[in-house]
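A structural walkthrough
Here are the chains, one letter per residue:
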Amino acid sequence: VAAQNFGYKMLVGANFCQIDGDRMGGYNKLGFRFGFGSYINTKKEDEIGLEITYTLKGARTANNPDNPPPFIVRYNYSYLEVPLYYKKKLKDFGLKMALVPAFLVNAQADQGGGFVKQENVRPFELSGLIGPSYQINDQWSFYIHYQYSILSIIDLQKSQVVGADFRRNGVYNNIISTGLVFNVK
């Protein structure tokens, strides 16, 4: 591989999060992601790469002023992700597709009495990611991605949540991310 086909990048962004299966609905949890990666360009200038990112996911009860909840439920999950991706390029635009293994760093839940460690979150998550990007200039690009868990993030054997809908279907991280990438060649 020629040296000019190899590059590095740093990325930073915001996550708009929800958890499918928790009965709360809506992208009400704001998280973040940051990290770095390396890539090679194919003959067609497409990218194949690997990233390491720290990301905050979770969920939060919607605060409806017309019908306020008795308390706000919040789930904070932090992960170390290792996306393996392919990015198809067409002029200044790109389409990124990735398989994203992730390792749980911390899981906390607040159901009205303060945050406590959540023991039923699986230590490993596998998700898929897809989304467009726009190359602003030679070094900067903007992205928006959709990411969804392939496997349930909750260990059903450790779950004691009364009335939970996930016993049958599972619980899945559902994320829309947007941010900036700084490329170094």
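Before reading on, note that the structure itself is shown above.
Model, not experiment: these values are computed from the prediction.

The next thing to look at is the overall build of the protein chain. The number of helices and strands found in the protein chain is 1 helix and 10 strands. Traced from its N-terminal end to its C-terminal end, the protein chain shows the element sequence β-β-β-β-β-β-β-β-β-α-β. Within the span of the protein chain, comprising 185 residues, buried residues form 41% of the whole. Taking as baseline every contact in the protein chain between residues at least 6 positions apart, the subset at least 24 positions apart corresponds to 64%. Just so you have it, the protein chain exposes about 10300 Å², and 62% of that area is on carbon and sulfur atoms.

Glancing now at the packing of aromatic side chains. Applying the stated criterion to the full structure yields 10 aromatic pairs. Seen from their ring centres, Tyr75 and Tyr77 are 6.3 Å apart, and the 35° between their planes marks the pair as tilted. For Tyr77, a relative accessible area of 2% puts it in the buried group. Note on Tyr146 and Tyr148: the rings are 6.3 Å apart at their centroids and 25° apart in plane angle, and the pair reads as stacked.

A separate point is the pattern of salt bridges. Applying the stated rule across the entire model yields 9 salt bridges. Two residues, Lys57 and Glu125, come together in a salt bridge whose shortest N-O distance is 2.8 Å. In this pair, Lys57 is assigned in strand 3 (residues 47-60) and Glu125 in strand 8 (residues 124-135), connecting sequence segments 68 residues apart. A relative accessible area of 1% places Lys57 in the buried class. The shortest N-O distance in the salt bridge between Asp110 and Arg74 comes to 2.5 Å. Note that Asp110 is positioned in strand 6 (residues 93-110) and Arg74 in strand 4 (residues 74-81), a separation of 36 residues in sequence. On the basis of relative accessibility, which here comes to 5%, the residue Asp110 falls in the buried class. Each member of the salt-bridge network shares a partner with another, and the members are Lys9, Glu47, Glu51, Lys89 and Lys96.

By size, the foremost hydrophobic cluster in this structure holds 13 residues, and its most contacted members are Ile19, Tyr75, Tyr77, Tyr79, Val121, Ile153 and Ile154. Every element with two or more residues in this core is listed here: strand 4 and strand 6. Those residues in contact with Val121, other than ones at most four positions away along the chain, are Tyr77, Tyr79, Leu104, Ala107, Ile153 and Ile154.

Right, let's get into the side chain of Lys87. In this structure, Lys87 sits in strand 5 (residues 84-90). Here Lys87 is buried and forms no salt bridge, its nearest opposite-charge partner Glu47 lying at an N-O distance of 4.4 Å. Within polar-contact distance, the side chain of Lys87 engages the side chain of Ser133 at 3.2 Å.

Structurally, the position occupied by Leu50 is in strand 3. The sequence separation of Leu50 and Phe36 amounts to 14 residues, and the corresponding C-alpha distance is 8.7 Å. Contacts of Leu50, omitting those with residues within four sequence positions, involve Gly37, Ser38, Val82, Pro83, Leu84 and Tyr85.

Quick look at a nonpolar patch on the surface now. A surface patch of nonpolar side chains, about 920 Å² in accessible area, is lined by Val12, Phe32, Phe34, Phe93, Tyr134, Ile136, Trp140, Phe142, Ile144 and Leu180. Breaking the nonpolar patch down by element, the ones donating at least two residues are strand 2 (29-41) and strand 9 (140-149). Along the chain, the position of Phe142 falls in strand 9.

What counts, and at which threshold
- Per chain, residue numbering runs from 1 following the sequence as it is written.
- Predicted model: local features are reported for residues with pLDDT of at least 70 only, side-chain atom pairs are reported and counted for 80 or more only, and whole-chain, interface and lining totals are derived from all residues.
- For the side-chain quantities, the full set of heavy atoms in the structure was used; hydrogens and water were omitted.
- The helix count covers DSSP runs of H or I at least four residues long, the strand count covers runs of E at least two residues long, and both are numbered beginning at the N terminus.
- Working definition: with a 1.4 Å probe on protein chains only, accessible area under 20% of the residue-type maximum means buried, over 50% means exposed, and in between means partly exposed.
- Whether two residues are in contact is decided by their heavy atoms: any pair within 4.5 Å suffices.
- For the area figures, the Shrake-Rupley method with a 1.4 Å probe applies, and any residue is considered shielded solely by the protein chains shown.
- Two aromatic rings from Phe, Tyr or Trp, using only the six-membered ring of Trp, form a pair when their centres are within 6.5 Å; if the ring planes differ by under 30 degrees the pair is stacked, by over 60 it is edge-to-face, and anything between is tilted.
- Salt bridge, as used here: a side-chain nitrogen of Lys or Arg that lies within 4 Å of a carboxyl oxygen of Asp or Glu.
- What is meant by a nonpolar core is a set of buried Ala, Val, Leu, Ile, Met, Phe, Trp, Tyr and Cys residues, joined one to another through side-chain atoms within 4.5 Å.
- A residue counts as positive if it is Lys or Arg and as negative if it is Asp or Glu; His and the chain ends are not included.
- Distance and chemistry together define a polar contact, namely a pair of N or O atoms within 3.5 Å, with one atom able to donate a hydrogen and the other to accept it when in protein, and with adjacent residues in sequence counting only for side-chain atoms on both sides.
- The patches described consist of residues with a relative accessible area above 30% and no salt bridge, like charges being joined within 9 Å and nonpolar side chains (Val, Leu, Ile, Met, Phe, Trp, Tyr) within 5 Å.

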